[in-house]
Amino acid sequence: MRLEWVAHPARARPGRTALAVGVIQLAALLAYATGGAWLAALAEAVLLASIAPFLFPTRYVLCDERVCARRLGVTRARRWSELRRFQAGAETVLLSPFARPSWLDRTRGLVVFFAANERDVMAIVRDKIR
Amino acid sequence: MSEALTPEEDELLAKIATRVVELRMDAPAIFLLESVKPLNFVGSQAMLFFQPIVSAIFPAALYQRLRALLEKRQSIEALIRKIEAAR
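Description of the pairing of strand β2 (residues 58–63) of chain A
Residues and elements named next belong to chain A.
- Here β2 shows a buried face lined by T58, Y60 and L62 and an unburied face lined by R59, V61 and C63.
- Bridge analysis of strand β1 (residues 2–7) against β2 gives six bridges, and the strand direction is antiparallel. Residue L3 lies in a different strand from β2, and its bridge partner there is L62.
- Relative to strand β3 (residues 66–71), β2 runs antiparallel, the two being bridged by four bridges. Looking at β3, one finds that V61 is bridged to C68.
- If you look at the hairpin formed by β2 and β3, you'll find two residues sitting between the two strands.

As for the packing of helix α2 (residues 26–36) of chain B against helix α5 (residues 75–86) of chain B
All names here are of chain B.
- Two elements in contact, α2 and α5, have axes separated by 10 Å at closest approach and are oriented at 160°. Of the possible angle classes, the one that applies to α2 and α5 is roughly antiparallel. Where α2 crosses over α5, the two elements pack in a sense that is left-handed. Residue-level inspection shows D26, A29, I30, L33 and E34 of α2 in contact with α5, the latter providing I76, L79, I80 and I83.
- For the contact of α2 with α5, the class distribution of residues is seven nonpolar, no polar and two charged.

Topic: the sheet that holds β1(A)
Residues and elements named next belong to chain A.
- Within the open sheet, the four strands sit side by side as β1-β2-β3-β4. Their pairing is antiparallel. Among the strands making up the open sheet, the edge pair consists of β1 and β4 (74–79). Recorded for the sheet is a direction-independent mean angle of 10° between the axes of neighbouring strands.
- Of the pairings in the sheet, the one linking β3 to β4 comprises six bridges and is antiparallel in character.

Quick look at unusual backbone geometry
Residue and element names in this part refer to chain A.
- Phi is positive for L72, close to 50°, though the residue is something other than glycine.
- Note on placement: L72 falls in the loop between β3 and β4.
- Positive phi outside glycine occurs at A116, with the angle close to 55°.
- Relative to the helices and strands, A116 is located in the loop between β7 (110–113) and α6 (118–128).

Regarding the confidence of the model for chain B
- Averaged over every residue, the pLDDT of chain B is 90; residues scoring 70 or more account for 98%.
- Taken over the whole predicted complex, pTM reads 0.81, whereas the ipTM for its chain interfaces reads 0.72.

A closer look at the sheet that holds strand β5 (residues 85–88) of chain A
Residues and elements named next belong to chain A.
- Ordered by their spatial adjacency, three strands build an open sheet running β5-β6-β7, and the pairing between neighbours is antiparallel. Here the strands that pair on one side only, and so sit at the sheet edges, are β5 and β7. For this sheet the average axis-to-axis angle between neighbouring strands, irrespective of direction, equals 20°.
- Across the sheet, α6 is in contact with β5, β6 (92–96) and β7; its angle to β6 comes to roughly 20°.

Cut-offs and rules
Residues numbered from 1 in each chain as written. Chains lettered and ligands numbered in written order. Predicted model: local features only at pLDDT ≥ 70, side-chain atom pairs only at ≥ 80, totals over all residues. Buried ≥ 20, exposed ≤ 12 C-beta atoms within 10 Å, placed from the backbone. Helix = DSSP H or I, 4+ residues; strand = E, 2+ residues; numbered from the N terminus. Pairing = 2+ DSSP bridges. Axes fitted to C-alpha atoms, helices over the stretch in contact; angles between N-to-C directions. Parallel < 35°, antiparallel > 145°, perpendicular 65-115°, else oblique. Left-handed = near helix turned anticlockwise from the far one by under 90°. Contact = placed C-beta atoms within 7 Å. Nonpolar A, V, L, I, M, F, W, Y, C, P; charged D, E, K, R; others polar. pLDDT = per-residue confidence, 0-100.

Listed below in structure tokens is the structure:
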């Protein structure tokens, strides 16, 4: 079993992308006006990093043993056996290593974006995480 | 630095993880370990620097095992995963 796809939410939602880029530029401008170029660069970098899953394409691979997410040259992988809970949303599913909801879910878990393949992804997730 | 963990090191990590969970410090420990993960090798070198002083107080063998373990890049991630599994 292997399911592979690339999710790029920013391309699918140009309106939200324009809004996000506008907010980042505004924050950088404010930082530049109050703290200078270094602060502006820092603000921009932090904001870009915080919404990287939305802005940049991510390649997901679901196979028998693990789930992998590769973005900007960095790969994160978790074995299915390490994952204990999933929480499905409209456009994403959170795969968490914690049995109960935790504030560490976003850090230690994997957020998987769908790309018009929600049914296939959820079928595998339900099969692997019981 | 990127060599695999030995069974003894794996066992040591499991013991640490179990103790952390027993103390109910799992969430703060995971948060802290995630924060310092990129600095594991620097941490091991700091441990090496302080070894003569620390060895006077704590068992030197355990200290050296921990330092050698910390030199391996994947050790912190392995510890975090063991804490998650022990929760």
